[in-house]
Amino acid sequence: MAKVTLQSIADRVGVSRMTVSNAFSRPDQLSAELRERILAAADELGYVGPDPAARALARGRTGSVGLLINGSLSEAFEDAVSAVFLASVSDALSERGMALTLMPASSEQRFVPARDVAVDGVLVYICDPTSPDIGWLERRNVPMVVVDHNAIDGVVSVNVDDRGGARLAAQHLVDLGHRRIGIVTLEADPATPNHPARERLLGWHDALDPVGVEPTVVATPYTPPDAAYRTARALLDHPDRPTGVVCFSDAFALATIRAAESLGLQVPEELSVVGFDDSVLAPASRPPLTTIHQEVAAKGRSAVAAIADLLGGGRPDSVVLPTSLVMRESTAPPS
C-alpha cells in the first residue's frame, strides 16, 4: 500500500501541498468549507496527520512540558496530594494546548529522562536539590520552574507558605493548653534538607520556642507504608508521651492516630493531632482531622502559568501561596 502524503491529499482535492499543510497546522488560513473537504479527503485516504517528530523539529518545539518527580510514578499517583497536583498540572497544560511528560528522577545511566527526553520545559516537583537530574536540565538549558523546592538562582519557584502554616498548627496546640508536644516530620538529609520539611520545622519552632516548649521530634521516610505508623507509635509509647502532635502531612497524622489507637489512646481526649495539606484524607478520617490547608490545585496551575510564561519569552515572578488552619475534631485541650 502506497504511503499517503500531503501531496496525495492535494492531488485528490485539487489544491496545493501548502494548502493541505495549512489545514492541519494553520486552520485559520483556510475557509471552514475548504478545510472540511481537505480533512474528509485525508480521512478517506487514511492519512493520520503530520509526523509529530518532523513537526517538532520544524517548529523547534515538542509541545510537551516535563514533570520531574521523586520516586516511582505509582508512589506519586497513590499519594493524595501528589495526585491532585498531577491532575491540575495536566489539566492546565491541556487548556494551553500542551501535553504533560512524566519524568521520574533516575540513577540509571542507560536512560535518564532529564537527559534523554525531549521537552520544551520542565516542572521540578519536590526533588532532591542535589539531584543529578537537575544538573542535566541545567546543562541542556531547559527552562525550569521548581515546585516545593529549595531556591535555585535564576529559577522561578512556586511554593506554599510552609513555615506560616506550620506556625499556625503549633500555635493551635499551644492555645489549647498543650505543653508536651511531639513532631512527626519527614526524614531528610541535614546537608540538603527537603524544602517543605525545613520550612515546617522552622514554623513549628516559631510557635513553640517563645512559650518554652521543647518538642520531641521524630522523623520518618514516606516509604515503606508503615514507616510513619511505627515512628509515631515509638513516640507515643512512653509514660511522658506528648499530649499533642503536629505532623508533616495528613498521611503522617493519620498514621499517628492509628498508632494512638493501637496503644489504647483516644483522639482527641488523650492526644491531639494536627496534619498538613488538607487532603481528601483529612475530612474523611475518624475523627475528622484538624490540619493546615494548602491550595494544591492552585499550585499546579501557578506552575503551569509560570512555565508557559517562560516559554513565551516572559519573566514570571516566583509565587508563595497562602496556608490556613482548618479546625476539625482531632484536637482538644489536654485532659
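Just so we're clear, the structure is a prediction, and the values are computed from it rather than from any experiment.

1. What to know about the packing of aromatic side chains
In this structure the tally under the stated criterion is four aromatic pairs. Between Y222 and F252, the ring centres sit 5.4 Å apart and the planes meet at 50 degrees, which makes this aromatic pair tilted. With Y222 in the loop between strand 7 (216–220) and helix 11 (227–236) and F252 in helix 12 (residues 250–262), this pair connects stretches of sequence that are 30 residues apart. For Y222, a relative accessible area of 41% corresponds to the partly exposed category. Take F252: its relative accessible area is 3%, and that puts it in the buried class. Arranged with centres 6.0 Å apart and planes meeting at 45 degrees, the rings of F248 and F252 form a pair that is tilted. In this structure F248 comes out as buried when scored by relative accessible area, which is 5%. Here the aromatic residues Y222, F248 and F252 are joined through ring pairs into a cluster of three or more.

2. Brief notes about the sheet that holds strand 1 (residues 64–69)
Pairing within the open sheet is parallel, and its six strands lie in the order 2-1-3-4-5-11. In the strand order of this sheet, the two ends are held by strand 2 (99–104) and strand 11 (319–321), each with one partner. Recorded for the sheet is a direction-independent mean angle of 20 degrees between the axes of neighbouring strands. Where strand 5 (residues 156–160) lies against strand 11, three bridges are found, and the strand directions are parallel. Within strand 11, the residue paired with V160 across the bridge is L321.

3. Overview of the pairing of strand 5
Counting buried positions along strand 5 yields five of five residues, so the element is predominantly enclosed. Pairing geometry for strand 4 (residues 144–147) and strand 5, over three bridges, is parallel. Within the sheet, the bridge partner assigned to V145 lies in strand 5 and is V156.

4. Things to note about unusual backbone geometry
Residue P268 follows V267 across a cis peptide bond; omega there is 10 degrees. Mapped onto the elements of the fold, P268 is located in the loop between helix 12 and strand 9 (272–274). For D277, which is not a glycine, the phi torsion comes out positive at approximately 130 degrees. Within the secondary structure, D277 is located in the loop between strand 9 and helix 13 (281–284). With relative accessibility at 8%, the residue D277 sits in the buried group. Within the chain, D278 stands out as a residue other than glycine whose phi angle is a positive 55 degrees.

Procedures and definitions
Residues numbered from 1 in each chain as written. Predicted model: local features only at pLDDT ≥ 70, side-chain atom pairs only at ≥ 80, totals over all residues. Heavy atoms only, no water. Phe/Tyr/Trp six-rings, centres within 6.5 Å; stacked < 30°, edge-to-face > 60°. Helix = DSSP H or I, 4+ residues; strand = E, 2+ residues; numbered from the N terminus. Buried < 20%, exposed > 50% of the residue type's maximum accessible area, 1.4 Å probe, protein only. Pairing = 2+ DSSP bridges. Axes fitted to C-alpha atoms, helices over the stretch in contact; angles between N-to-C directions.

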